[in-house]
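# Summary of the model geometry
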Amino acid sequence: MVIPFSAVKAADPAKGKQIFQQNCASCHNVHKKLTGPALAGVEGRWSDKKLLHQWIRNSASVLASGDKYANNLFNEYNKTAMTAFPALTDEEIDDILAYVKVEEAKPVGGAKPEAGTATAGAKEEGSDNSLLFGIITLILAVVALILMQINSNLNKLAGDKEGQPTPEPIPFYKNKAYIALAILVLFMVGGYFTIQGAIGLGRQKDYMPEQPIFYSHKVHAGINQINCLYCHAGAEKSKHAMIPSENICMNCHKAIKEYTGPELFTAEGKKVDGTAEIAKLYDYVGWDADKGKYTKPGRPIEWTKIHNLPDHVYFNHSQHVVAGKQQCQTCHGNITEMDEVHQFTDLSMGWCINCHRTTKVQFADNNYYSIFEKLHQDIKDKKIDSVTVEMVGGTECQKCHY
């Protein structure tokens, strides 16, 4: 006679980690109190594991049963109701608890990143060699003048030795040819810098002002992969991308009170305390992290705008993001790698026009371009294989200057 039996399946911490991150991480941390309590030792705090399972699935039912520990916990956290997870099975809850046990055994904070690597990365800067080239050119010019003077003196000595009278050489600062050459060089160099200065009026390439709070796009958009549109919701709906209001920040930072990511550095290489920067946010909005509530009136964060266009230029974010299907990086550079945001390009008219001349629009299956019947027909007839922004009027003056 064969007796059927089912083996008890061991809990899987790896699977538990995945479930925890999907369902629990927004309110709970293993070692720290967030919206809910720290989970280290959670099984020991409950008298019955079945009751803990029931609490995770539906905390309201446990509170209704009158359980003392559950009601004390509910009152301690300002009567904030825990999200119900009725779909979680016993195995999945055990996987979560196994993951919590693994994490609570690890040292708080985890391994620290190598300081040398972070510092080197923070101090790495794009170098501009124009000054170096200018200094080298000046040195070579001085050496050339000295050699010419030496050559003149040697010719005079050789002539004197052979009995051939040689007129006294004219000092270079009195030589009309040298003076004319120097004036021509100064005129060309001065003209070049004057023209470059005039062209660059109002342009702010590489502009990187100091902000009231050190906000790292590398941490938020890069490491944590927060979608740009979560904070800059206007980018696909209006002319302006919009600076997010403080409540957008607090959606996450009510729970995230400490910075535990890679070390942060300013462009000058100065180390930044991420937790202290979060505390600045709390001060601006009037949030008391210990009490978990707003205790004083908030005040606006005076961010400094980085990307500025002249008043006579019209630019619409939604047109580029929705109709043009452009990524943020096209105009803003590799924003996911910037701790401190700087202006990636000069945003000049020439830069925009060159982009419009070369950028292909998503012409097929895009209702925005449905009125360009001739271009659609040319594609069908294989006269052209694609359409650029210029072909739909992207270089006409009135597009940006009406």
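Quick caveat: nothing in here was measured; it's all calculated off a predicted structure.

## Here's the deal with the UniProt feature "domain: Cytochrome c" (unreviewed entry) in the chain
According to UniProt, the positions carrying the feature "domain: Cytochrome c" (unreviewed entry) are residues 11-104. For the annotated span residues 11-104, helix accounts for 57% and strand for 0% of the residues, and the straight-line distance between the end C-alpha atoms is 16 Å.

## Description of the UniProt feature "transmembrane region" (unreviewed entry) in the chain
Residues annotated in UniProt with the feature "transmembrane region" (unreviewed entry) correspond here to residues 131-150 and 177-195. Secondary structure content for residues 131-150 is 100% helix and 0% strand, while the C-alpha to C-alpha distance between its ends is 29 Å. Along residues 177-195 one finds 100% helix and 0% strand; the C-alpha atoms at either end are 27 Å apart.

## Some remarks on the environment of N58
Mapped onto the secondary structure, N58 falls in the loop between α3 (49-57) and α4 (59-64). Among the residues examined, N58 registers a relative accessible area of 35% and is labelled partly exposed.

## Concerning α3
Turning to α3, its buried residues number three or more, namely L51, L52, H53, W55 and I56. The inward-facing, buried residues of α3 contact α2 (42-45), α4, α5 (68-76) and α6 (90-104). Backbone nitrogen of K50 and a side-chain oxygen of the N-cap are separated by 3.0 Å at the start of α3; the cap is D48.

## Some words on unusual backbone geometry
The backbone of M242 shows a phi angle near 85°, a positive value even though the residue is not glycine. What makes M242 partly exposed here is its relative accessible area of 43%.

## Comments concerning the state of the cysteines
For the coordinates displayed, the defined rule picks out zero disulfides. Distance from the sulfur of C355, which forms no disulfide, to the nearest cysteine sulfur (C331) is 6.5 Å. We note that C397 lacks a disulfide partner, and the nearest cysteine sulfur, in C400, lies 9.1 Å from it.

## Some words on the packing of aromatic side chains
Taken as a whole and judged by the stated rule, the model has eight aromatic pairs. With a centroid separation of 5.3 Å and an interplanar angle of 80°, the aromatic rings of Y192 and F193 are classed as edge-to-face. Of the residues examined, Y192 reaches a relative accessible area of 48% and is grouped as partly exposed. An aromatic cluster of three or more residues is present, and its members are W46, W55 and Y69. Above the face of the Y284 ring, R299 is positioned so that its terminal group lies 4.4 Å from the ring centre.

## Description of the nonpolar core
Core analysis: the biggest nonpolar cluster contains 23 residues, and W46, W55, L88 and I96 have the highest contact counts within it. Elements that contribute at least two residues to this core include exactly α1 (13-23), α3, α4, α5 and α6. Considering each element in turn, this core owes the most residues, five residues, to α6. In this structure, I96 is in contact with G16, I19, F20, C24 and L88, ignoring residues within four places of it in sequence. Core analysis: the next-biggest nonpolar cluster, separate from the first, contains nine residues, I213, Y284, V285 and W287 among them.

## Focus on the side chain of H356
Here H356 shows up in helix α16 (residues 349-358). If sequence neighbours within four positions are ignored, H356 has contacts with H320, T388, V389, E390, G394 and T395.

## Digging into a nonpolar patch on the surface
On the surface, L131, I135, L138, I139, V142, V143, I146, L147, I150, L154 and L157 cluster together into a nonpolar patch covering about 1,100 Å² of accessible area. Here V143 is to be found in helix α8 (residues 130-161). Relative accessible area serves as the criterion here: at 39%, V143 is assigned to the partly exposed category.

Conventions adopted
Residues numbered from 1 in each chain as written. Predicted model: local features only at pLDDT ≥ 70, side-chain atom pairs only at ≥ 80, totals over all residues. Heavy atoms only, no water. UniProt positions renumbered as here; feature names shortened; annotations may be inferred. Helix = DSSP H or I, 4+ residues; strand = E, 2+ residues; numbered from the N terminus. Buried < 20%, exposed > 50% of the residue type's maximum accessible area, 1.4 Å probe, protein only. Contact = heavy atoms within 4.5 Å. Polar contact = N/O pair within 3.5 Å; in protein donor to acceptor, adjacent residues only side chain to side chain. Disulfide = S-S within 2.5 Å. Phe/Tyr/Trp six-rings, centres within 6.5 Å; stacked < 30°, edge-to-face > 60°. Lys NZ or Arg CZ within 6 Å of the ring centre and 35° of its normal. Core = buried A, V, L, I, M, F, W, Y, C linked by side-chain atoms within 4.5 Å. Patch = residues over 30% accessible without salt bridge, like charges linked within 9 Å, V, L, I, M, F, W, Y side chains within 5 Å. Areas by Shrake-Rupley, 256 points an atom, 1.4 Å probe, with all protein chains shown as cover. Salt bridge = Lys/Arg side-chain N within 4 Å of Asp/Glu carboxyl O.

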